[in-house]
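These are the residues of each chain, in order.
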Amino acid sequence: MKATTKTPIHAVWSWVRRQPPKVKAFLAVVTGMAALVLLRFIVHDHDNLFVAAEAVHSIGICVLIYKLMKEKTCAGLSLKSQELTAIFLAVRLYCSFVMEYDIHTILDLATLGTTLWVIFMIRFNLRASYMEDKDNFPLYYVLAPCVLLAVFIHPSTSHHILNRISWALCVYLEAVSVLPQLRVMQNTKIVEPFTAHYVFALGVARFLSCAHWVLQVVDTRGRLLVALGYGFWPSMVLISEIVQTFILADFCYYYVQSVFGGQLVLRLPSGVV
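Residues numbered from 1 in each chain as written. Predicted model: local features only at pLDDT ≥ 70, side-chain atom pairs only at ≥ 80, totals over all residues. Heavy atoms only, no water.

Looking at an unreviewed UniProt entry, one finds the protein chain named ER lumen protein retaining receptor family protein, with Arabidopsis arenosa as its source organism.

So, in structure tokens, the structure goes:
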């Protein structure tokens, strides 16, 4: 009987899995920094990273649509996360129309349209399979702090005050919009493939968006922060990007672990997300 030979990737992954949490956290930071350096050299126009982030988010939504149409069930999905996503996309779309109107506007419009379709399917067509008891994250825990932050910490540009507050609101909401979905997965402990693919796509999108801002700051030697305005706002933009990346980092680790292990269904240990 032949012994099973491990590939170098599986050998490295097995070694990582045996490490204590602090070592894993350190390795995650190092990997993230290495990825940023790699992206800086292979992507010449770092604006493309933001476009890529929106495109990956759209792909994640398409995965959800495929799940809803093929399996005729919305079990494991958070309606509240979809509603928060629709809110920040609608606000960002408004800001895009009145402030810039570019490729981001088109991508946001497409993503908002598909998100609204997902919400419609969960609320009406597939309501019977919606796990309302598991989707128990109070929305006011997210909305109230984001609105307050937007009112007090927003861009100091020449745009109308309503537009500046709206811009800040969509940044803050995007950072935490996935929390209800993580709560559902925390409550169920088992994540079926399509939902896992969707959340992983969100994690990749968040990382690309974060990389876009970090690399823009590095390339402009900090001048971008000055262009964004003064006060706490420039720092809050970067903090929001970093927070939304780390919120999903833990899940993405277990997703990759599940993929390497050949498991179709992702099982989350206690305390994750």
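Novice: If you had to explain the packing of aromatic side chains to someone new, which residues and values would you point to?
Specialist: One pass over the full model with this rule turns up eight aromatic pairs. Considering the side-chain rings of Tyr 140 and Tyr 141, the 4.9 Å spacing of their centres and the 90° angle between planes classify their relative orientation as edge-to-face. Accessibility assignment for this pair places Tyr 140 and Tyr 141 in one class, exposed. With 4.2 Å between their ring centres and 15° between their planes, Phe 200 and Tyr 255 make a pair best called stacked. With Phe 200 in helix H9 (residues 193-219) and Tyr 255 in helix H11 (residues 233-260), this pair connects stretches of sequence that are 55 residues apart. Three or more aromatic residues link up through ring pairs in this structure, and these residues are Phe 137, Tyr 140 and Tyr 141. (Phe/Tyr/Trp six-rings, centres within 6.5 Å; stacked < 30°, edge-to-face > 60°. Buried < 20%, exposed > 50% of the residue type's maximum accessible area, 1.4 Å probe, protein only. Helix = DSSP H or I, 4+ residues; strand = E, 2+ residues; numbered from the N terminus.)

Novice: Which residues make up the side chain of Thr 73, and what values do they have?
Specialist: Its location among the elements puts Thr 73 in the loop between helix H3 (47-71) and helix H4 (79-99). Thr 73 gets classed as buried once you look at its relative accessible area, which sits at 19%. Side chain to side chain, Thr 73 and Ser 129 meet in a polar contact 3.5 Å long. Setting aside chain neighbours within four positions, we find Thr 73 in contact with Lys 67, Leu 68, Leu 126 and Ser 129. (Polar contact = N/O pair within 3.5 Å; in protein donor to acceptor, adjacent residues only side chain to side chain. Contact = heavy atoms within 4.5 Å.)

Novice: Please set out the UniProt feature "transmembrane region" (unreviewed entry) in the protein chain residue by residue, giving values where relevant.
Specialist: When the UniProt feature table is mapped to this numbering, "transmembrane region" (unreviewed entry) covers residues 25-43, 105-126, 138-155, 194-215 and 235-256. Measuring from the first to the last C-alpha atom of residues 105-126 gives 30 Å, for a span that is 95% helix and 0% strand. Structurally, residues 138-155 comprises 72% helix and 0% strand, and the distance from its first C-alpha atom to its last is 28 Å. (UniProt positions renumbered as here; feature names shortened; annotations may be inferred.)

Novice: Before we move on, can you summarise the packing of helix H6 (residues 140-152) against helix H7 (residues 161-176) with the specific residues and values?
Specialist: Where H6 contacts H7, the axes come no closer than 8 Å and their chain directions differ by 145°. The chirality of how H6 crosses H7 is right-handed. Facing Val 142, Leu 143, Cys 146, Val 147, Leu 149, Ala 150 and Val 151 of H6, the residues of H7 in contact are Ile 165, Ala 168, Leu 169, Tyr 172, Leu 173 and Val 176. (Axes fitted to C-alpha atoms, helices over the stretch in contact; angles between N-to-C directions. Left-handed = near helix turned anticlockwise from the far one by under 90°.)

Novice: Please set out the side chain of Glu 54 residue by residue, giving values where relevant.
Specialist: Here Glu 54 shows up in helix H3. In this structure Glu 54 comes out as buried when scored by relative accessible area, which is 5%. Excluding anything up to four places from it in sequence, Glu 54 contacts Arg 92, His 104, Leu 107, Asp 108 and Thr 111.

Novice: Run through H4, naming residues and quoting values.
Specialist: In this model H4 runs 30 Å from its N-terminal to its C-terminal C-alpha over 21 residues, within 8% of the 30 Å that 1.5 Å per residue would give. Of all 21 residues in H4, 15 are buried, a share of seventy percent or more. At the N-terminal end of H4, a side-chain oxygen is found 3.4 Å from the backbone nitrogen of Lys 80, two or three residues along, and the residue is Ser 78. (Expected span 1.5 Å × (residues − 1).)

Novice: Help me get a handle on the environment of Ile 106, residues and values and all.
Specialist: Within the secondary structure layout, Ile 106 lies in helix H5 (residues 103-125). Measuring from C-alpha to C-alpha, the distance between Ile 106 and Leu 93 comes to 8.8 Å, with 13 residues separating the pair along the chain.

Novice: Summarise the pattern of salt bridges; cite the residues concerned and give the values.
Specialist: Taken as a whole and assessed by the stated rule, the structure comprises seven salt bridges. In this structure, Lys 67 engages Glu 71 in a salt bridge whose closest nitrogen and oxygen atoms are separated by 3.8 Å. Residue Lys 67 and its partner Glu 71 are both found in helix H3; the two are separated by four residues, about one turn of the helix. A residue is classified by how much of its surface remains accessible, and Glu 71, at 36% relative accessible area, is partly exposed. Close ionic contact of Glu 192 with Lys 67 constitutes a salt bridge, the shortest N to O distance being 3.1 Å. Placement of the pair is Glu 192 in the loop between strand E1 (190-191) and H9 and Lys 67 in helix H3, with a sequence separation of 125 residues. Lys 67 shares its class with Glu 192; the two are buried. Via salt bridges that share partners, Glu 54, Arg 92, Asp 108 and Glu 174 belong to a single interconnected network. (Salt bridge = Lys/Arg side-chain N within 4 Å of Asp/Glu carboxyl O.)

Novice: I'd like a description of unusual backbone geometry, backed by residues and values.
Specialist: With phi around 55°, Lys 72 is a residue other than glycine that occupies positive phi space. Structurally, the position occupied by Lys 72 is in the loop between H3 and H4.

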